[in-house]
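# Report on the structure
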Amino acid sequence: EQRKASETKTVVRDGVLMDAEPTVLDFGYYLDAVSLYHSTAQKSENPEDYLQAYELFQKGADNNETKAYFYLGVMNELGEGVPQNMPKAVEWFNKAINAGDMRSISRLGDIYLNGGAGVSKDYEKARELFLQADESGSSNATLKLGMMSAEGLGTPQNYHEALKWLKKAGTRGNALAIYNVGNLYTEGLLGEVDLIKAEPWYEKACQLEFEKACEKHDSLSEKIDK
């Protein structure tokens, strides 16, 4: 099924205006679906709108509108408009990745990192996906690579490796990564506790409106001043 409209173009032939054959325009479903989805997410007043958005995304997918695949993955992952279905989310994210959607790589990595009903945790697969997403500029993926190095998930625990990834995510504006660089210094995970080195990292994260970093920075500043 396709949503189409006809537009009749006119042409000039021998000085006379003549109707040409109608041109069929395919408007699709994706644009309506994404607009409804985001307006519903912002107002959160009518959950039934999620169901309508899901149905439109599904029609878009059936109509080969590949951008719909990502949203179908998200909505199955989060249980928006349909009951949460993690295996279905994995299926849609894989389809989106095959269609060239880079956002879906990191999102799928999160599913394998955290697991869920019907999907087992797979740290090696998660890390592989995050490495791929990092190459496309995903700050979430770069952050997760740092956290996995710090916790030894899918890779040997290595705080210096974690620092490298967290700093890289920080250059991409990831406030949580910047905050965690500060934590590495305050917790002495890179050697001795170093509050002087930690302080500017909390300040940077605070400037990005990360509330916990503001609290940590204020507390740290008092200790340093003393």
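Anything mentioned here points back to the structure above.
From a predicted model like this one, the values you see are computed outputs, not experimental measurements.

Criteria and cut-off values
- Residues numbered from 1 in each chain as written.
- Predicted model: local features only at pLDDT ≥ 70, side-chain atom pairs only at ≥ 80, totals over all residues.
- Heavy atoms only, no water.
- Phe/Tyr/Trp six-rings, centres within 6.5 Å; stacked < 30°, edge-to-face > 60°.
- Helix = DSSP H or I, 4+ residues; strand = E, 2+ residues; numbered from the N terminus.
- Buried < 20%, exposed > 50% of the residue type's maximum accessible area, 1.4 Å probe, protein only.
- Lys NZ or Arg CZ within 6 Å of the ring centre and 35° of its normal.
- Polar contact = N/O pair within 3.5 Å; in protein donor to acceptor, adjacent residues only side chain to side chain.
- Contact = heavy atoms within 4.5 Å.

### Thoughts on the packing of aromatic side chains
The final tally for this structure, using the stated rule, is 11 aromatic pairs. With 6.3 Å between their ring centres and 65° between their planes, Tyr37 and Phe57 make a pair best called edge-to-face. In this pair, Tyr37 is assigned in helix H1 (residues 30–43) and Phe57 in helix H2 (residues 48–62), connecting sequence segments 20 residues apart. A centroid spacing of 5.3 Å and a plane angle of 85° characterise the contact between Phe70 and Tyr71, whose relative ring orientation is edge-to-face. Phe70 sits in the buried class, given a relative accessible area of 9%. We classify Tyr71 as buried; its relative accessible area is 8%. Three or more aromatic residues link up through ring pairs in this structure, and these residues are Tyr30, Tyr37, Tyr50, Phe57, Phe70, Tyr71 and Phe93. When the ring centre of Tyr69 is taken as origin, the NZ or CZ atom of Lys95, which lies over that ring, is 4.8 Å away. Sitting above the plane of the Trp201 ring, Lys204 keeps its charged end 4.4 Å from the centroid.

### Quick notes on the side chain of Glu65
Relative to the elements of secondary structure, Glu65 occurs in the loop between H2 and helix H3 (68–78). Given a relative accessible area of 15%, Glu65 falls into the buried group. A polar contact of 2.7 Å, which involves the side chain of Glu65, links it to the backbone nitrogen of Tyr30. In terms of polar contacts, Glu65 uses its side chain to reach the side chain of Asn63, at 2.8 Å.

### Focus on the environment of Gly170
Structurally, Gly170 is set in helix H8 (residues 159–171). Separated by 27 residues in sequence, Gly170 and Leu143 place their C-alpha atoms 8.2 Å apart. If we skip the residues at most four places from it in the chain, Gly170 touches Ala177 and Ile178.

By themselves, these figures tell us nothing about what the structure is for.
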